[in-house]
Amino acid sequence: GAVVSQHPSRVICKSGTSVKIECRSLDFQATTMFWYRQFPKKSLMLMATSNEGSKATYEQGVEKDKFLINHASLTLSTLTVTSAHPEDSSFYICSASGVQGRSPLHFGNGTRLTVT
Amino acid sequence: QKEVEQNSGPLSVPEGAIASLNCTYSDRVSQSFFWYRQYSGKSPELIMSIYSNGDKEDGRFTAQLNKASQYVSLLIRDSQPSDSATYLCAVNGATDSWGKFQFGAGTQVVVTP
């Protein structure tokens with residue numbers, strides 16, 4: 001149980017374009033999802049907390065207008081990287097947990113974004 | 001001071017030996033503790049959860065929690081080359097509502113044949 005599906009797994013785009021990444025909880029309802037970013041050989045960096053039906057909460061230093069998060073249903077959250085630039089190239093990972101409090105986070109497989 | 005601290009490694013372990021990983025945390029009210037394994041280029045996968053003081057065993061993995069000392073550890077017995085990965089310690093202070101998961105930077109484990 002507790003499967004999180006993330007799509008696409010890999011995307012290459014040109015500078016200035018936008019990219020949408022989808023994160024779905026397949027067998028549970030996720031009122032809260034988390035979006036992380038990870039650079040090579042670095043630790044996970046929380047970007048934002050996505051709450052179903054409300055605005056996402058962004059971590060300090062994360063541009064909300066650049067990284068648009070929508071959590072329209074209990075099973076789907078999307079991250080859109082707008083006007084992508086090469087410095088946005090990174091590994092983006094979503095995660096979710098089905099039950100509040102003590103449950104672990106389950107991660108999607110991640111999206112490798114390369115901006116050329 | 002980081003909220004969750006781990007030795008970055010690499011921790012080199014001979015095949016068949018025991019790998020011992022440690023993690024300390026600063027938030028005394030933390031209630032839930034997790035170990036994740038992350039292979040290079042992949043996302044983290046959950047390998048252990050522990051909530052109470054003491055030991056919890058699952059196959060070749062044993063998690064140990066000591067809330068008074070604010071540390072949690074992971075033992076990997078009979079280490080295999082496939083155990084070579086980065087191990088992330090995660091802590092959550094929530095009991096009945098969402099808290100923010102805090103992750104350590106990870107310990108790289110290298111199992112040598």
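Above this note sits the structure.
Residues numbered from 1 in each chain as written. Chains lettered and ligands numbered in written order. Predicted model: local features only at pLDDT ≥ 70, side-chain atom pairs only at ≥ 80, totals over all residues. Heavy atoms only, no water.

A.B. asks: When you look at the interface of chain A and chain B in this model, what are you seeing that I'm missing?
C.D. replies: Taken together, the 25 residues of chain A in the interface contact 24 residues of chain B. Taken together, the two surfaces of chain A and chain B that pack against each other cover about 1800 Å², and 60% of this comes from carbon and sulfur. Our enumeration of links across chain A and chain B arrives at zero salt bridges. Linking chain A with chain B are three residue pairs in polar contact (both at pLDDT 80 or more). Listing elements by their share of the side of chain A that touches chain B, those giving two or more residues are β4 (32-38), β9 (90-96) and β10 (106-107) of chain A. Residue classes in the side of chain A that touches chain B are distributed as 10 nonpolar, 12 polar and three charged. (Contact = heavy atoms within 4.5 Å. Buried area = accessible area lost by both parts, 1.4 Å probe. Salt bridge = Lys/Arg side-chain N within 4 Å of Asp/Glu carboxyl O. Polar contact = N/O pair within 3.5 Å; in protein donor to acceptor, adjacent residues only side chain to side chain. Helix = DSSP H or I, 4+ residues; strand = E, 2+ residues; numbered from the N terminus. Nonpolar A, V, L, I, M, F, W, Y, C, P; charged D, E, K, R; others polar.)

A.B. asks: How should I be thinking about the nonpolar core in this particular structure?
C.D. replies: Nonpolar side chains tend toward joint burial in soluble globular proteins. Ranked by internal contacts, the top residues of the largest apolar core, which has 24 residues, are A:W35, A:F67, A:L79, A:Y92 and A:L113. Listing elements by their share of this core, those giving two or more residues are β2 (10-13), β3 (19-25), β4, β5 (45-51), β7 (67-73), β8 (76-81), β9 and β11 (111-115) of chain A. The next biggest cluster of nonpolar side chains, apart from the first, holds 23 residues, and it includes B:C23, B:I50, B:F61 and B:V109. (Core = buried A, V, L, I, M, F, W, Y, C linked by side-chain atoms within 4.5 Å. Buried < 20%, exposed > 50% of the residue type's maximum accessible area, 1.4 Å probe, protein only.)

A.B. asks: Would you mind going over the layout of surface pockets with me for this structure?
C.D. replies: Any space left empty among the atoms is revealed by the rolling of a water-sized probe across them. Counted as a void, the largest pocket has a volume near 540 Å³. Contributing to the lining of the largest pocket are 24 residues, with A:P40, A:K41, A:K42, B:S40 and B:T86 lying nearest its centre. Secondary structure elements with two or more residues in the lining of the largest pocket: β9 (85-92) and β11 (107-112) of chain B. (1 Å grid on protein atoms, 1.4 Å probe; cavity = no way out; pocket = protein on both sides within 12 Å on 5 of 7 lines; lining within 4 Å. Points joined across faces, edges and corners; volume = space filled by probe spheres on them.)

A.B. asks: Can you help me understand the sheet that holds strand β1 (residues 4-7) of chain A in this one?
C.D. replies: Residues and elements named next belong to chain A. Strand order in this open sheet of four strands is β1-β3-β8-β7, and the pairing throughout is antiparallel. Looking at the sheet topology across the chains shown, the edges are occupied by β1 and β7. Across the sheet, the mean angle separating the axes of adjacent strands is 15° when strand polarity is ignored. Bridging between β1 and β3 involves four bridges; their strand directions are antiparallel. Residue pairing in the sheet places Q6 in a bridge with C23 of β3. (Pairing = 2+ DSSP bridges. Axes fitted to C-alpha atoms, helices over the stretch in contact; angles between N-to-C directions.)

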